[in-house]
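Coordinate analysis (summary)
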Amino acid sequence: MFYEVLIVVYLLVALMLIGMVLIQQGKGADMGASFGGGGSNTVFGSTGSGNFMTRTTAVLATLFFVISLILGNQTADKEQTVDEFQNLGIPVAEQPVVVPNDSDVPVSDQQEESDVPN
C-alpha cells in the first residue's frame, strides 16, 4: 500500500517539477524585456517570481530525489518470482510416462527388449 502511494506522489512531484521548470524565465529574458520584448509583465511582477519559483523548484527537486531513493531502496529488497515461461533456455523437468503393461499402444522409448531376435 505504501509503495503504491509513494509511486503516485512521485509521479505528481515529477509533473509539478516539470511544470515549474517550464514556467520559469531564462537568465537572458531580462535583456529582451529591456528592449521592448514585453517579458517584464509577468504574474508575479518583474522580480517577484524569482525567489518563489526558485524555492519551489528546489523543494520539488529535493522531494523528487528523496522519493527516488526511497523507491529504489524498497524495490531492491524484493525478489521477483520467475515464471516458467520467462526463461525458455532451461528445460522443465520431464516426468516419466508410466505405461501399463496391458496397453496396446507402442512406445518407442520405453519398449522392452522382446524375445524375438532381430
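These numbers come from a predicted model, not from an experiment.

Let's shift gears to the packing of aromatic side chains. Enumeration according to the criterion identifies two aromatic pairs in this entry. Plain terms: the ring middles of Tyr10 and Phe64 are 5.0 Å apart, the flat faces sit at 15 degrees to each other, and that makes the pair stacked. In this pair, Tyr10 sits in helix H1 (residues 2–23) while Phe64 sits in helix H3 (residues 49–76), placing the two residues 54 residues apart along the sequence. Judged by relative accessible area, Tyr10 falls into the partly exposed class, the value being 24%. When the centroid spacing of 5.8 Å and the interplanar angle of 75 degrees are considered together, the rings of Phe64 and Phe65 count as edge-to-face. Linked through ring pairs, Tyr10, Phe64 and Phe65 together constitute an aromatic cluster.

This brings us to the side chain of Thr57. Relative to the elements of secondary structure, Thr57 occurs in helix H3. In this structure the side chain of Thr57 is engaged in a polar contact, spanning 2.5 Å, whose partner is the side chain of Gln24. Thr57 has contacts with Leu17, Met20, Val21 and Gln24, leaving out every residue within four places of it along the chain.

Turning to the confidence of the model for the protein chain, a few remarks are in order. When pLDDT is averaged across the protein chain, the result is 75; 47% of the residues are at 70 or more. Confidence scores differ between elements of the protein chain, with helix H2 (residues 29–34) showing the lowest mean pLDDT of 59 and H1 the highest of 95.

This part covers H1. Across its 22 residues, H1 extends 31 Å between first and last C-alpha, which sits within 8% of the 32 Å expected from 1.5 Å per residue. Residues of H1 that are buried: Leu6, Val13, Ala14, Leu17 and Met20. Axial view of H1: buried residues confined to an arc of 130 degrees, hence all on one face. Away from its buried face, by an angle of more than 90 degrees, H1 presents the exposed residues Leu11, Leu15, Leu22 and Ile23.

What counts, and at which threshold
- Residues numbered from 1 in each chain as written.
- Predicted model: local features only at pLDDT ≥ 70, side-chain atom pairs only at ≥ 80, totals over all residues.
- Heavy atoms only, no water.
- Phe/Tyr/Trp six-rings, centres within 6.5 Å; stacked < 30°, edge-to-face > 60°.
- Helix = DSSP H or I, 4+ residues; strand = E, 2+ residues; numbered from the N terminus.
- Buried < 20%, exposed > 50% of the residue type's maximum accessible area, 1.4 Å probe, protein only.
- Polar contact = N/O pair within 3.5 Å; in protein donor to acceptor, adjacent residues only side chain to side chain.
- Contact = heavy atoms within 4.5 Å.
- pLDDT = per-residue confidence, 0-100.
- Expected span 1.5 Å × (residues − 1).
- Arc of directions from axis to C-beta.

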